[in-house]
Amino acid sequence: MSDCIFCKIANREVPKEFTYEDSDVMVFPDINPVKPIHLLIMPKKHIRDFSELADNSLLDKLRIVIQRMIKEQKLENRGYRLVVNGGGAQIIDHLHIHLLGPLGKAASM
Ligand code: 5GP
Ligand code: ZN
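These notes cover the structure that comes with them. (Residues numbered from 1 in each chain as written. Chains lettered and ligands numbered in written order. Predicted model: local features only at pLDDT ≥ 70, side-chain atom pairs only at ≥ 80, totals over all residues. Heavy atoms only, no water.)

### So, the site of ligand 1
Taken together, 15 residues are adjacent to ligand 1, and Pro 29, Asp 30, Ile 91, His 96 and His 98 come closest. Side-chain polar atom of Asn 85 to an oxygen atom of ligand 1: 2.9 Å apart, as the coordinates give it. A distance of 2.7 Å is found between an oxygen atom of ligand 1 and a backbone nitrogen or oxygen belonging to Ile 91. Its free accessible area being 530 Å², ligand 1 has 85% of it covered by the protein chains. Put simply, the parts of the chain that give the shell around ligand 1 at least two residues each are helix H1 (5-10) and strand E2 (25-29). (Near = heavy atom within 4 Å. Polar contact = N/O pair within 3.5 Å; in protein donor to acceptor, adjacent residues only side chain to side chain. Areas by Shrake-Rupley, 256 points an atom, 1.4 Å probe, with all protein chains shown as cover. Helix = DSSP H or I, 4+ residues; strand = E, 2+ residues; numbered from the N terminus.)

Here it is, written out as structure tokens:
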């Protein structure tokens, strides 16, 4: 989508250092982190929000990358939260999963 910032990042129209990248999935830090670790994990393909995700194989690829990021960021035992905003609650209309941490049981986003 031409006016989507995350599509522009995926297409390298906007420079961005990726934490992880493959042909389908990209990960980069949130520009406005709310926790010491705040990554955005997303498909390169434009999908408006989670309710429009129909591709099981893409969902599985996202799962594998999320689990890899949790490990790489050493968050398995330090507390993390996954957040997916959708249905109009999101700021950017391109599906992305926030990985936030470290955080304790009572921490809010
Ligand atoms: P949403 O509310 O859509 O789930 O959150 C969008 C997130 O994207 C926000 O946390 C915001 O800080 C982040 N964001 C918006 N524009 C950019 C950008 O150009 N680069 C990066 N790295 N993050 C962005
Ligand atoms: Zn997009």
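That was the structure; now back to the text.
### Regarding the nonpolar core
Side chains that are nonpolar tend, in soluble globular proteins, to be buried together. Counting 18 residues, the largest nonpolar core has Val 27, Ile 41, Leu 62, Val 65, Met 69 and Leu 99 as its most contacted members. Of all the secondary-structure elements, those providing two or more residues to this core are E2, strand E3 (37-43), helix H2 (56-72) and strand E5 (97-101). Looking at this core element by element, the count peaks at six residues for H2. Setting aside anything within four residues of it in sequence, one finds Ile 41 in contact with Val 25, Met 26, Val 27, Leu 62, Val 65, Ile 66, Met 69, His 96, Ile 97 and Leu 99. If you look at the next biggest cluster of nonpolar residues, it comprises 10 residues, including Cys 4, Phe 6, Ala 10 and Phe 18. (Core = buried A, V, L, I, M, F, W, Y, C linked by side-chain atoms within 4.5 Å. Buried < 20%, exposed > 50% of the residue type's maximum accessible area, 1.4 Å probe, protein only. Contact = heavy atoms within 4.5 Å.)

### Points about H2
With 17 residues, H2 extends 24 Å from end C-alpha to end C-alpha; this agrees with the ideal 24 Å at 1.5 Å per step. The secondary structure elements touched by the buried residues of H2 are strand E1 (20-21), E2, E3, strand E4 (81-83) and E5. For H2, the N-terminal cap is Asp 55; the gap from its side-chain oxygen to the backbone nitrogen of Ser 57 is 2.9 Å. Taken from the residues just after H2, Lys 74 is the one with a positive phi, measuring 55°. (Expected span 1.5 Å × (residues − 1).)

### Concerning the pairing of E2
Most of E2 is tucked away, with four of its five residues classed as buried. The antiparallel pairing of E1 with E2 creates a hairpin that spans three residues between the two strands. Of the strand pairs in this sheet, E2 and E3 are connected by five bridges, and their pairing is antiparallel. Across the sheet, residue Val 25 finds its bridge partner in E3, namely Pro 43. (Pairing = 2+ DSSP bridges.)

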